[in-house]
Amino acid sequence: MSLQTPDSVRRLQRALYVKAKTEPAYRFYLLYDKVYRDDMLHHAYRVSRAADGARTPGVDDVTFEDIEAAGQEEWLAGLKQALQEKTYQPDAVRRVLIPKPGGGERPLGIPTVRDRVVQTAVKLVMEPIFEADFDDSAYGYRPKRSAADAVRAVHDALCDGYTDVVDADLSKYFDTIPHQELLQSVARRVVDRHLLHLLKMWLKTPVEERDERGGRHMRGGQRSTRGTPQGGVISPLLANIYMHRFLRAWRERKKDQQYQAHVINYADDFVILSRGHAAEALTWTRWAMTHLGLTLNETKTCLRTATRDAFDFLGYTFGRDRYRKTGQTYLAAKPSKKSVQRLKRAVRAQLRPRNQGRWPDVRDRLNRTLRGWRTYFSYGSRATAYRAVDNYVYASVRHFLCRRHNVPTRGTRRFSAEQVFGPLGVVRMRPLPAGPRSCASA
């Protein structure tokens, strides 16, 4: 199923972006009819179908396979009619808990397929308008921007001398975004009342939780005044729109000049990198977030000096390191210990003793995990992390194969590293390609 954006959709997005970029004060009144265009709904369906987690059903238990078995075209025609006649009503979202990297669980709200498709269509229409406004310092959930770009921006700023750091953490950002202020932020650009009504309905959608006996319990709904559920297609865009209020205030009040500082933002994560004014920047940030109805997590927010203290951001550790051969110090960006440990846990889970899958299938799943990790952690000083991962993967694969083949020894001869990373086809992190920029530390 092709995900290439149709020319008609691309032309519309380009026209919306150019209009918003050339007229920063323009407010868009007529957008709702673009949402239920045939080309928009068909493309939104394809995008939703291909998205990660697309196989997880919502509260109605309807999957994409069910829709296609019954007739995709008829389903889309019915959805278009509901939108056109303004009878569309969203379903509740299904609460799903997923493990958090640092421990605990993160609640996700999974919409039905029907709601995912409509949210995707709205996102396709709204995103170009707000992309014209978004700050260059924001990297999360944006076209042609990534976490890797944010990591490079942080490292570049450190290398340029912005080494006094506000390592910030927002308390439950997605859950605490105030609805009224968020819709006001949207209305600075979009005043189509029917589109705003869609957004308000999604913000007020109840969350269905199921207990151990399968009983259903509803939370939130019309009385809810805060939060946009993580897991919804439209939520990342709404979260970026609200975070833009902070970034815009920072820029318009010239805090970058006052504090000689850069803000690097990825969704609800951000750091402020300064030349000697980190404490002042933190004080102003605390004040600004309070006025936005948000709260800094004071137990996790702290000041750092990168030339002395390491800090983590988006899975990387930034701080002082030393070249093995020369002993010269430099400011490094490298995979954090937590990121390496998370990968090890993922490898261990895939090579558990009760895994009875065929070796080619086991290997292919393992390799997908390893390639994804290596692709993300392809920047900075990674030799030590890569070596640790290779050693762990080799030992884990060797033990897995020894159990499977009842090898009485440690298996280092039968399943040598050359064998595991060679004929047996397991991905190896090393050898390393040429590294990116490094910066010597004073």
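Our subject is the structure that appears above.
Phi at Tyr141 takes a positive value of approximately 55°, unusual for a residue other than glycine. The residue Tyr141 is located in the loop between helix H6 (113-131) and helix H7 (147-159) in this model. Overall, Tyr141 belongs to the partly exposed group, its relative accessible area being 42%.

Before going further, it helps to examine the sheet that holds strand E3 (residues 164-169). Across the sheet, four strands lie side by side as E6-E7-E3-E8; this open sheet has antiparallel pairing. With one partner strand each, in any of the chains shown, strand E6 (261-266) and strand E8 (302-305) form the two edges of the open sheet. Within the sheet, the average angular offset between the axes of one strand and its neighbour, ignoring direction, is 20°. Summarising the sheet, E3 and strand E7 (residues 269-274) pair through six bridges and their orientation is antiparallel. When the sheet's bridge partners are listed, Val165 is paired in E7 with Leu273. Sitting on the sheet, helix H11 (residues 235-252) touches E6 and E7, and the angle it makes with E6 is about 170°.

Let us now look at the packing of aromatic side chains. Here a ring pair, both rings aromatic, is described through the centre-centre distance and the interplanar angle of the planes. Per the counting criterion, the structure on display carries 21 aromatic pairs. Ring geometry for Phe246 and Phe270: centres 5.6 Å apart, planes at 45°, overall tilted. Remark: Phe270 occurs in strand E7 and Phe246 occurs in helix H11; sequence separation between them is 24 residues. Both residues of the pair, Phe246 and Phe270, count as buried. For the pair Trp250 and Tyr259, a centre-to-centre distance of 6.0 Å together with 50° between the ring planes defines the contact as tilted.

This paragraph deals with helix H15 (residues 359-376). With 18 residues, H15 extends 26 Å from end C-alpha to end C-alpha; this agrees with the ideal 26 Å at 1.5 Å per step. Buried within H15 we find Trp359, Val362, Leu366, Asn367, Leu370 and Trp373. Buried residues in H15, looked at end-on, bunch into an arc of 130°, giving them a common side. Pointing more than 90 degrees away from the buried face of H15 are the exposed residues Arg368 and Thr375.

Before going further, it helps to examine the environment of Glu418. Here Glu418 is to be found in helix H17 (residues 417-420). The class for Glu418 is exposed, based on a relative accessible area of 60%. With 262 residues separating them in the primary sequence, Glu418 and Asp156 have C-alpha atoms 38 Å apart.

What follows deals with the pairing of E3. Counting buried residues in E3 gives five out of six residues, a clear majority hidden from the surface. With four bridges joining them, E3 and E8 adopt antiparallel strand pairing. Its bridge partner lying in E8, Val166 is registered against Leu303.

Turning our attention to the pattern of salt bridges. Between side chains of opposite charge, pairing is possible as soon as their charged atoms come close. Counted under the stated rule, the structure contains 19 salt bridges. The residue Asp38 makes a salt bridge to Lys80 at a minimum N-O spacing of 3.1 Å. Taken together, the positions of Asp38 in helix H3 (residues 38-50) and Lys80 in helix H5 (residues 72-84) put the pair 42 residues apart, joining distant regions of the chain. On the accessibility criterion, Lys80 (22% relative accessible area) is partly exposed.

This part covers the packing of helix H9 (residues 179-187) against H11. It is at 9 Å that the axes of H9 and H11 come closest, and there the two elements cross at 85°. Judged by the angle between their axes, H9 and H11 are roughly perpendicular. Across the interface between the two elements, Glu181, Leu182, Ser185 and Val186 of H9 pack against Leu238, Ile241, Tyr242 and Arg245 of H11. Considered class by class, the residues forming the contact of H9 with H11 number five nonpolar, one polar and two charged.

The rules behind these values
- Residues numbered from 1 in each chain as written.
- Predicted model: local features only at pLDDT ≥ 70, side-chain atom pairs only at ≥ 80, totals over all residues.
- Heavy atoms only, no water.
- Helix = DSSP H or I, 4+ residues; strand = E, 2+ residues; numbered from the N terminus.
- Buried < 20%, exposed > 50% of the residue type's maximum accessible area, 1.4 Å probe, protein only.
- Pairing = 2+ DSSP bridges.
- Axes fitted to C-alpha atoms, helices over the stretch in contact; angles between N-to-C directions.
- Contact = heavy atoms within 4.5 Å.
- Phe/Tyr/Trp six-rings, centres within 6.5 Å; stacked < 30°, edge-to-face > 60°.
- Expected span 1.5 Å × (residues − 1).
- Arc of directions from axis to C-beta.
- Salt bridge = Lys/Arg side-chain N within 4 Å of Asp/Glu carboxyl O.
- Parallel < 35°, antiparallel > 145°, perpendicular 65-115°, else oblique.
- Nonpolar A, V, L, I, M, F, W, Y, C, P; charged D, E, K, R; others polar.

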